[in-house]
Amino acid sequence: MDLGVDILHELRTPLHSIQGFVRLILDGKVPDPETQRHFLTIVERESQRLNNLVDELLDAFATGSGPKAIKNECVSMRYVILGTILKLGGLAAEKEITIDSDLDDALPAVEGDEQALGQVVANLLHNAIKFSPQGSKITVRVNKRDSKLLTQVTDEGVGITREIIPHLFEKFYRGHSSMMPGACGTGLGLHICKQIVEAHGGQIWVESEPGTGNTFSFTIPLPQSELATSGEA
Amino acid sequence: MTRKILIVEDDPSALSFAAYALEQEGHQVLTAANGVEGLKMAQEENPDLLVLDVMLPGMDGFELCHRLRNEASTAKLPIMMLSVKGRESDRDMGLKVGADEYLTKPTDPAELVACVGRLLESKGAASMEGDRHNFEYLKFWPRDERNGEAV
């Protein structure tokens, strides 16, 4: 996966605007107080964006290996999801958002990289929290569907316009910062999720109803041994 | 002297920063938010100079630059690339596809303005060789006088 260098380059995008506007103001090139205020608002927003980028970087590289090497472990999605909810609980609480989980005790394990799959769940949950209104609810569900394990994160956010959906998982796609001030990241989060899910042989997609919310879903194929067991059941 | 400058940049904040800095210098600024739109405007609006971001959705800045260089109407258009990609190999690529200058973000507004000025000047000089000599003479002569200790 081509991650390391590109994402570091992206840190310069907000820095460029921050330094540029501050320099213009310090050099006396912005005499109009209203324009000055407007530029400082942009500086504030870009600083927030830089902070979000650092958060994403920390998510991606926190445990060192990043998603580059996909391991082949026996992974309990139930365990991964509960751990991620615990980790992001504080962030959700700040916006009085509740996270419900609908997880069967007897969910079969999948084969894959526990840390990478945790990163996918964390990214989807993090986005859901970021774009959900104060006091809303997020639900995480895991179900067995055919020969796959289906994980779904549903929020009550504003929804995603139809034109944006096909681009959401593209590298560097950031939507429009005017639409979601301060909320734009690297445009890499969902792209990384897609790469991780596909490296596991699964698929990732989104369904959105403007005004009612979004559901991000991904599948991970069940191992042959699980399929044989469920066949007998 | 007012010149028409096209900025192709997908980041709205970076776009308004560059547009403001160049408008302050008295230039007329046109903007495009992606490579395809940038290509169309470069061909139709006949700008005097192009400020071009590299990482753009769809057609990127390298490809856009390469295409402009391969068309007679835009082959000599002064192009300044402005990018977060700051490695030597990125710069080499920019110059290889035909950019006249390659600046790395973050860019100081004075540097941006000076670079645009240099490029516009050399374009003017290319079309009017005589004027160039006059301009250079005027540029250096008063500076020597100002800096001279006797003054």
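What counts and how
- Residues numbered from 1 in each chain as written.
- Chains lettered and ligands numbered in written order.
- Predicted model: local features only at pLDDT ≥ 70, side-chain atom pairs only at ≥ 80, totals over all residues.
- Contact = placed C-beta atoms within 7 Å.
- Helix = DSSP H or I, 4+ residues; strand = E, 2+ residues; numbered from the N terminus.
- Nonpolar A, V, L, I, M, F, W, Y, C, P; charged D, E, K, R; others polar.
- pLDDT = per-residue confidence, 0-100.
- Axes fitted to C-alpha atoms, helices over the stretch in contact; angles between N-to-C directions.
- Parallel < 35°, antiparallel > 145°, perpendicular 65-115°, else oblique.
- Left-handed = near helix turned anticlockwise from the far one by under 90°.
- Core = buried A, V, L, I, M, F, W, Y, C linked by C-beta atoms within 7 Å.
- Buried ≥ 20, exposed ≤ 12 C-beta atoms within 10 Å, placed from the backbone.
- Pairing = 2+ DSSP bridges.
- Arc of directions from axis to C-beta.

> What am I meant to see in the interface of chain B and chain A here?
A common measure of how large an interface is: the accessible area buried when the components associate. Counting residues at the interface gives 17 residues for chain B, matched by 19 residues for chain A. Broken down by element, the residue count for the side of chain B that touches chain A peaks at seven residues, all from helix α1 (residues 12-24) of chain B. Here the residues of the side of chain B that touches chain A are counted per class, giving 10 nonpolar, three polar and four charged.

> Looking at this structure, I do not really get the confidence of the model for chain B. What am I missing?
Where the model shows low pLDDT, its predicted coordinates should not be examined in detail. Residues and elements named next belong to chain B. Overall, the prediction assigns chain B a mean pLDDT of 83, with 81% of residues at 70 or greater. Confidence over residues 127-151 falls short of pLDDT 50; this stretch has five contacts with residues more than four positions distant or in other chains. Under the prediction, the complex receives an ipTM of 0.78, its pTM being 0.58.

> Just to check I follow, could you spell out the packing of helix α2 (residues 12-26) of chain A against α1(B) for this structure?
The description of two helices packed together rests on the angle between their axes and the distance between the axes. In contact at an axis separation of 9 Å, α2(A) and α1(B) are set at 30° when each is read in the N-to-C sense. Taken together, α2(A) and α1(B) sit at an angle that is classed as roughly parallel. Considering how the two elements wind past one another, α2(A) and α1(B) form a crossing that is left-handed. Within the contact between the two elements, α2(A) uses A:Thr13, A:His16, A:Ser17, A:Gly20, A:Phe21 and A:Leu24 and α1(B) uses B:Ser13, B:Ala14, B:Phe17, B:Tyr20 and B:Ala21. Residue composition of the contact of α2(A) with α1(B), grouped by class: six nonpolar, five polar and no charged.

> I keep staring at the nonpolar core and nothing clicks. Help me out?
Nonpolar side chains in soluble globular proteins tend to be buried together. Counting residues in each nonpolar core, the largest one holds 39 residues, and the members touching the most others are B:Ala18, B:Leu50, B:Leu52, B:Cys65, B:Ile79, B:Met80 and B:Met81. No other element matches α1(B), which puts six residues into this core. Excluding residues within four positions of it along the chain, B:Met80 makes contact with B:Leu49, B:Val51, B:Leu52, B:Ala99, B:Asp100, B:Glu101, B:Leu103, B:Cys115, B:Val116 and B:Leu119. In this structure, A:Ile97, A:Val110, A:Leu124 and A:Ile220 belong to the second largest nonpolar core, which totals 34 residues.

> Sorry, what's going on with unusual backbone geometry here?
For residues besides glycine, phi is generally negative; the peptide bonds are generally trans as well. Of note, the amide linkage connecting B:Lys105 to B:Pro106 takes the cis form, showing an omega dihedral of -5°. One can find B:Pro106 in the loop between β5 (101-104) and α5 (109-127). We note that A:Glu96 has phi near 50°; this positive angle belongs to a residue other than glycine. For A:Glu96, the location among the structural elements is in the loop between α4 (77-94) and β2 (98-103). We note that B:Asn46 has phi near 50°; this positive angle belongs to a residue other than glycine. With respect to the helices, strands and loops of the structure, B:Asn46 is situated in the loop between α2 (35-44) and β3 (49-53). Since 12 C-beta atoms lie within 10 Å of it, B:Asn46 is described here as exposed.

> Just to check I follow, could you spell out the sheet that holds β3(B) for this structure?
In a beta sheet, neighbouring strands are held together by backbone hydrogen bonds and run either parallel or antiparallel to one another. Residue and element names in this part refer to chain B. One open sheet holds the five strands; their spatial order is β2-β1-β3-β4-β5, and the pairing between them is parallel. For this open sheet the edge positions go to β2 (28-32) and β5, each flanked by a neighbour on one side alone. Averaged over neighbouring strand pairs, the angle between their axes works out to 20° when direction is ignored. In this sheet, strand β4 (residues 79-83) lies alongside β3 in parallel orientation, the contact comprising four bridges. Bridge pairing links Leu 52 to Met 81 in β4. Sitting on the sheet, helix α3 (residues 61-69) is in contact with β1 (4-8), β3 and β4, with an inclination near 175° to β4.

> Before we go on, may I ask you to explain α3(B) in this structure?
Because an α-helix packs 3.6 residues into every turn, residues spaced three or four apart end up facing the same way. Residue and element names in this part refer to chain B. Within α3, the full set of buried residues consists of Gly 61, Phe 62, Leu 64, Cys 65 and Leu 68. Axial view of α3: buried residues confined to an arc of 165°, hence all on one face. The secondary structure elements touched by the buried residues of α3 are β1, α2, β3, β4 and α4 (88-96).

> Hey, could you run me through the environment of B:Val113 in this one?
Residue and element names in this part refer to chain B. Take Val 113: it is sitting in helix α5. Looking at Val 113, the number of C-beta atoms within 10 Å reads 18, which means it is partly exposed. Counting along the chain gives 91 residues from Val 113 to Leu 22, while the straight-line C-alpha distance between them is 6.5 Å. Beyond its immediate stretch of four places on either side in the chain, Val 113 contacts Ala 21, Leu 22 and Glu 25.

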